[in-house]
Amino acid sequence: MNNFSYTQAGSAKEATAIRKANPQAAYIAGGTTLLDLMKANLEEHPQLVDINMLPFRGIEQTPDGLRIGAMERMSDVGENPLVLQQYPAISESLLLAASPQLRNMASIGGNILQRTRCGYFRDAAFPCNKRVPGSGCPALQGDNHNLAILGTSDACIATSYPGDLSVALAALDAVLTLENQKGKQRRVPVTEFYLLPGKTPQKETMLEPGELIVAVTIPAAVHARRSTYLKVRERASYAYALASAAVGLDVQGGTIRSARVALGGVGAQPWRSREAEKILTGAPATEATFRAAAAAALRGAQPRSENRYKVELAQNTLVQALQKVAG
Amino acid sequence: MDTEPKFFETNPQSGSVGQPLDRVDGRAKVTGQARYSAEFNNLPGLVHAVLKTSDVAKGRIQSIDTSAALKEPGVLAILTHQNLPKLAKTPNDAQSKKAIGAPMGFLPLTSDQIHYAGQAVAVVVADTLERAQHAAALVRVNIAAEKPAASYEDPKAELFDPQKVQDGKTPGHTVRGNPKAAFAASPVQLTHTYVHAINHHNPMEPGATTAHWEAADRLTVYEATQGVTRTQKALSTMLGLAAEQVRVVTKYIGGGFGCKGSSWPHTVLTVQTAKAVGRPVKLSLTRPQMFTSMGHREDQTQTLKIGATKDGKLTALIHEKTSTTSPWDDYAEPNSRIINLLYACPTFESSYQLARANVMTSTFMRAPGEAPGSFAIECSMDDLAYQLGIDPLEIRLRNYAEKDPSNGKPWSSKSLKQCYARGAELFGWSKRNPKAGATHDGRLLVGWGMATASYPVHNNQGTARVRLYADGHALVQTGATDLGTGTYTVMTQVAADALWITPDKVRFELGDTKLPTAPNSGGSVAAGTVSSSIYMAAQDVWQKLIKQATQDKKSPLFRAKPADVVVEKGRMVLKSDKTKGEDFATLMKRNEMSDVEGSGNGKYGAGYESGLAAGPADSGHQDDMAGHSMHSFGAHFCEVKVDPDLGTVRVTRWVSVHAAGRILNAKTARSQIIGGSIFGIGCALMEATKRDQNFARYTNATLADYHIPVSADIPEMTVEFVNEHDPYINAMGVKGIGEISMVGVAAAVANAVFHATGKRIRSLPITPDKVLETKMVQV
Ligand SMILES: Cc1cc2nc3c(=O)[nH]c(=O)nc-3n(C[C@H](O)[C@H](O)[C@H](O)COP(=O)(O)OP(=O)(O)OC[C@H]3O[C@@H](n4cnc5c(N)ncnc54)[C@H](O)[C@@H]3O)c2cc1C
Ligand code: SF4
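Residues numbered from 1 in each chain as written. Chains lettered and ligands numbered in written order. Predicted model: local features only at pLDDT ≥ 70, side-chain atom pairs only at ≥ 80, totals over all residues. Heavy atoms only, no water.

A few words now on the overall build of chain B. Scanning chain B for helices and strands turns up 19 helices and 33 strands. Taking 2.2 N^0.38 as the reference for a compact globule, 779 residues should give roughly 28 Å; the C-alpha atoms of chain B span a radius of gyration of 27 Å, in line with that estimate. Out of the 779 residues belonging to chain B, those deemed buried represent 63%. Here the contacts in chain B between residues at least 6 apart in sequence split such that 80% fall between residues at least 24 apart. Charged side chains of chain B number 84 positive and 76 negative; the gap between the two group centres comes to 2 Å. (Helix = DSSP H or I, 4+ residues; strand = E, 2+ residues; numbered from the N terminus. Rg over C-alpha atoms; globule rule 2.2 N^0.38 Å. Buried < 20%, exposed > 50% of the residue type's maximum accessible area, 1.4 Å probe, protein only. Contact = heavy atoms within 4.5 Å. Lys, Arg positive; Asp, Glu negative; His and termini not counted. Charge placed at Lys NZ, Arg CZ, Asp CG, Glu CD.)

Here we take up helix 4 (residues 129–138) of chain B. Those residues of helix 4 of chain B that fall on the buried side of the exposure criterion are B:Ala132, B:His134, B:Ala135, B:Ala136 and B:Ala137. Buried-residue contacts for helix 4 of chain B involve strand 1 (47–53), helix 2 (67–70), strand 3 (75–79), strand 5 (120–126) and strand 6 (140–145) of chain B.

All names here are of chain B. For chain B, the domain assignment lists domain 1 (6–34 + 459–618) and domain 2 (407–457 + 630–773). Contact residues are listed per partner, giving 35 residues for domain 1 and 27 residues for domain 2. Counting each side, the surface lost to burial between domain 1 and domain 2 is near 2300 Å², with a carbon and sulfur contribution of 58%. At the surface where domain 1 touches domain 2, the tally comes to 1 salt bridge. (Domains from an automatic or database assignment. Buried area = accessible area lost by both parts, 1.4 Å probe. Salt bridge = Lys/Arg side-chain N within 4 Å of Asp/Glu carboxyl O.)

All names here are of chain A. Residues in contact with ligand 1 amount to 33 residues; listed here are only the nearest, Tyr27, Gly31, Thr33, Ser107 and Asp164. Computed on the free molecule, ligand 1 has an accessible area of 980 Å², of which 94% lies beneath the protein chains in the complex. Secondary structure elements with two or more residues in the shell around ligand 1: strand 2 (26–28), helix 2 (34–39), helix 7 (108–112) and strand 8 (212–218). With 3 residues, the top contributor of residues to the shell around ligand 1 is helix 7. When its residues are assigned to classes, the shell around ligand 1 shows 19 nonpolar, 10 polar and 4 charged. (Near = heavy atom within 4 Å. Areas by Shrake-Rupley, 256 points an atom, 1.4 Å probe, with all protein chains shown as cover. Nonpolar A, V, L, I, M, F, W, Y, C, P; charged D, E, K, R; others polar.)

We now examine unusual backbone geometry. All names here are of chain B. A cis amide bond, omega -5°, links Leu764 with the succeeding residue Pro765. Its place among the elements puts Pro765 in the loop between strand 33 (763–764) and helix 19 (768–773). Positive phi, normally seen in glycine, also occurs at Asp167, with a value near 50°. Relative to the assigned elements, Asp167 resides in the loop between strand 8 (164–165) and strand 9 (170–171). When its relative accessible area of 40% is taken as the criterion, Asp167 is described as partly exposed.

Residue and element names in this part refer to chain B. In a regular helix each residue adds 1.5 Å, so 20 residues correspond to 28 Å; helix 17 (residues 666–685) covers 28 Å between its end C-alpha atoms and thus fits that length. Counting buried positions along helix 17 yields 14 of 20 residues, so the element is predominantly enclosed. Measuring from the side-chain oxygen of the N-cap residue of helix 17 to the backbone nitrogen of Lys667 gives 2.7 Å; that N-cap residue is Asn665. (Expected span 1.5 Å × (residues − 1). Polar contact = N/O pair within 3.5 Å; in protein donor to acceptor, adjacent residues only side chain to side chain.)

Residues and elements named next belong to chain A. Ordered in space as 9-10-11-12, the 4 strands form an open sheet in which the pairing is antiparallel. Strand pairing shows two members of the sheet lacking a second neighbour, strand 9 (227–232) and strand 12 (271–272), which therefore form its edges. Pairing of strand 10 (residues 243–252) with strand 11 (residues 255–264) involves 9 bridges; the strand directions are antiparallel. Counterpart to Ala246 in the pairing with strand 11 is Ala262. Contacts from helix 13 (residues 309–326) reach strand 9, strand 10 and strand 11 within the one sheet, and its direction differs from that of strand 10 by about 35°. (Pairing = 2+ DSSP bridges. Axes fitted to C-alpha atoms, helices over the stretch in contact; angles between N-to-C directions.)

Let us look at the packing of aromatic side chains. According to the stated counting rule, one finds 21 aromatic pairs over all chains in the structure shown. Ring geometry for A:Tyr161 versus A:Tyr194: centroids 5.5 Å apart, planes at 50°, classification tilted. Residue A:Tyr161 is found in the loop between helix 7 and helix 8 (165–171), and its partner A:Tyr194 is found in the loop between helix 9 (190–193) and strand 8; the two are separated by 33 residues along the sequence. For A:Tyr194, a relative accessible area of 10% corresponds to the buried category. Judged by centre distance (5.5 Å) and plane angle (80°), the rings of B:Tyr194 and B:Phe375 are edge-to-face. Of this pair, B:Tyr194 sits in strand 11 (residues 188–196) while B:Phe375 sits in helix 10 (residues 370–388), and the two are 181 residues apart along the sequence. For B:Tyr194, a relative accessible area of 0% puts it in the buried group. By way of ring pairs, the aromatic residues B:Tyr36, B:Tyr252, B:Tyr488 and B:Phe508 are connected into one cluster. Between B:Lys414 and the ring centre of B:Tyr400, over which it is positioned, the NZ or CZ distance is 4.2 Å. (Phe/Tyr/Trp six-rings, centres within 6.5 Å; stacked < 30°, edge-to-face > 60°. Lys NZ or Arg CZ within 6 Å of the ring centre and 35° of its normal.)

Right, let's get into the interface of chain A and chain B. Taken residue by residue, the interface counts 33 residues in chain A and 33 residues in chain B. Interface area lost by chain A to chain B is led by A:Glu234, A:Arg235 and A:Gln320, which between them contribute 24%. Seen at the junction of chain A and chain B, the total is 2 salt bridges. For the salt bridge of B:Asp705 with A:Arg117, the shortest nitrogen-to-oxygen distance reads 3.0 Å. At the boundary of chain A with chain B, the tally comes to 15 residue pairs in polar contact (both at pLDDT 80 or more). Those elements giving two or more residues to the side of chain A that touches chain B turn out to be strand 9 and helix 13 of chain A. No other element matches helix 13 of chain A, which puts 6 residues into the side of chain A that touches chain B. Split by residue class, the side of chain A that touches chain B holds 14 nonpolar, 11 polar and 8 charged.

The UniProt feature table records "domain: Aldehyde oxidase/xanthine dehydrogenase a/b hammerhead" (unreviewed entry) at residues 31–147 of chain B. In residues 31–147 of chain B, helix accounts for 18% and strand for 29%; the two terminal C-alpha atoms are 50 Å from one another. (UniProt positions renumbered as here; feature names shortened; annotations may be inferred.)

Moving on to the sheet that holds strand 4 (residues 59–62) of chain A. Residue and element names in this part refer to chain A. An order of 4-5-8-6-7 is seen for the 5 strands of this open sheet, with the pairing classed as antiparallel. The sheet is open, and its two edges are formed by strand 4 and strand 7 (185–189), each paired on a single side. Averaged over all neighbouring strand pairs, the angle between strand axes comes to 25°, with direction disregarded. Summarising the sheet, strand 4 and strand 5 (residues 65–69) pair through 4 bridges and their orientation is antiparallel. By the bridge assignment for strand 5, Glu60 is matched with Arg67.

Right, let's talk about the pairing of strand 5 of chain A for a bit. Residues and elements named next belong to chain A. Counting buried positions along strand 5 gives 4 out of 5 residues, so the element sits mostly inside the fold. Joining the antiparallel neighbours strand 4 and strand 5 is a turn of 2 residues. Bridging between strand 5 and strand 8 involves 4 bridges; their strand directions are antiparallel. For Leu66, the partnering residue across the bridge sits in strand 8 and is Ile218.

In structure tokens, the structure reads:
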């Protein structure tokens, strides 16, 4: 870890101004991602700007849906009654993540910006295109057991976002509110926020330098109220997903009126599957429909040497999640 | 009987031994008073060292640029192979390795060669830990890298047949009878291959050394080690000092599982660094460094051929193991040992194959050999049972070994049948559906599995000192270590009973080479050896008191022959007239004796029976020289639930029943078995260190990515012990339980997975990908 200075920012304006003056500085919220990366010398920042004092707080109903401040903690949001009732998939995605200690520290904004668990990325001794552009991707011929099969490129096959929350957010049409260094806010759907690796796996999101995540808003919908997050891992807790599915269904009289599907653990980014949704919408809520939707979601999957199992696992995970919400 | 049994009963009425006494060190631990080896922070001028390690697995150091690091504030020194003072001896040749007792025939920083990723290349010292870490990041090591060999699986790896494996302790090839012919003639033949992932010990406390040179020839080392004496020997030999000039202190250990059983390079490097900077130096390995600093369980494949009759009696066992070793050592854990003795089988053959790769030397890890060996034999026995339509428990009873098939000797004790029976009863095994893949719980498949456990009694010995005070308190000392498993507690109980006082009157000290020499806490020898030496030391105290009484005119025992005096309920009395006698306090006060001190030598295992004990740091040697074969036995029964679509396996019920001689503390013993079973469940379902085959470097060297079980993975566990009296193994009748607890666990889980799914998974760990990708077998 390098030496760094530490500054507390009292407002968004103050925070972005510091970043502007010192582009290598980093915002720190819970620090559970950032400090791990710095301790392993994977990121070096001469200055940390503490944004925990920023007023990006609150979990409240708005005309656009439920608005969650970026500084809220994973545990608080996961246990919030509004979230539990109206967005069970969001609550589950938070409470199935990490450990209680981490969830108490970790913020929503930080969660959205967590970085890949690819073992090569996480060890500076290895080459890695994402960390050092152009250095190569050893995962292609190496340990790719837990890496992505959808949306990858020959430059990078990581699940760039390895976590859970953004999978549920992507499924339920959540929109991020961002604020740039000029104090200007813009709204970006989670499904557009993350970038596919292509030739530039180092570019992970469309966040501009110094831009802050202010809040995330999730529209109210029947399929949101009837949603779930299913997470598969070999140990019962405290592990990233091998595969996961966030789904929401509005079923009436046995027919699916609307459906939302996103997969985790298999995509280069949280993997919203409109192909699956298309098959589900208007179809009977039966296992056959779910299977067809799952097949559609995984069409075009490109497994590597060690992660072929994910093609089947992701489909079964999705089917099981759909069965659960279909009741 | 070959040998006259020698057995000392502790005083059964006084009742401390066996009771579930709470840990005597519990309070110190939970209040932070217990000081671990990296917590001796009051040493004058203590500074901090960190290791800089090699990124690449093979190559030659061209240059090391320390200039930027040395300019940082607080940085005191950076030691490399170029400026580190030379040692009197290094383990770099076989003879010196043996003299040192080193686990690895190579010491980093003795040349410019890089042999494995994570090899230490520099030691950076600064006034604070953070400054040392930062400076280490600034050190630039320029290595001319070469293509490394990663494992035996490497197509270019050259396999060879070693003469011996496991540091010369196990022959590379063993044959009993004519197994090939017997196999060929067997009506039932099974040949199966088992794969075992690399496992790392990962104790909670990392390797840590605090080195303090009190004078040029006087060194004290606070070390996270399972054996202070072995560390003392290693360090004094390397430094060219007398043993007495090196003091090693280990008051508390946060787990070891074998990785702290030997003296690894970071220890002597810290000692050299302390000498070089002239100040006490502390070094604690980081978690990633724990993966490349203290050994591991090697990656390995076993092929086991089983020949049997149609009624399930074994006729032949042929075992081959292929594994990865380092560039210098022929290390393989001895899987064949347990396969050779677990069941009655007239023929047996085992052979080991090794491939050299750019990895550090692997080492013993909880039940070395027995754990992976039992996975192979216990899965194959299960196969045999299914193939013949015999219950898995019944197939084991049909092949019950009434004596040790590997050497024909009678067992000193064996209560395995009782373990099977009690375990089956507790579990409800008789209600098992014989068909695999036929039991459901909703969507989940339910399976039951069982396996046998066994672990040898390793010949060892140690010494202890007991000082009994006239006021009824006692000081008991021995240079043993407590891995965190309860040595402090059980030895307090042993001393209390042996002296007829209560445990709260006993002060028990361990973990210091200043104290009487005790064995390494390894190979499950500590309980048996240390308890015996304390017991013997207490007998010495009594003999001294009896002698005193018989010479004391005022004593009712005056002029009695010492041999006619016995100790009963804490009183020395005449055997012929037990009303005649007195207690020690009365005798000592009258004679103005403040205390009496006794010492004792306790032997464990073959050395106890034969009188030829192995050295205290020397576990695993000469187990075979007594009239009896000595082992603990047990059985595990478990239930798993498998999601057939997701491939997830959860253990939902667990029963372990063991017979291990006298159980010293019902609570700590139960905890040991639970801990070992969880260790085994981790090995069965999730533990795997992944080594990249191009870089020969691990890709998951953190506890976020190397998974061990969490509480949610573990069900309520039922643990029982069968009463067992073994007069041959030691004065206390105690066998070890630290390792047997994980033997057979992976097989029990795999067998349950088979019963649930009809899928036989022979590759550990059994992860969802394997469950999904393995095909069902029809039986
Ligand atoms: C052992 C372990 C296991 C884990 N398991 C899981 C899991 O199972 N599932 C899961 O989803 N996650 C998991 N995580 C990840 C965890 O959820 C994230 O580390 C956490 O959410 C990050 O939040 P934070 O507030 O600590 O972020 P920080 O570490 O403070 O910040 C992370 C990054 O985001 C930036 N940042 C933070 N907030 C803002 C903002 N408002 N605007 C702009 N930039 C910002 C920081 O500059 C930094 O680059 C795990 C983490 C660990 C260490
Ligand atoms: S998969 Fe991506 S993150 Fe992993 S090594 Fe390749 S480039 Fe780096």
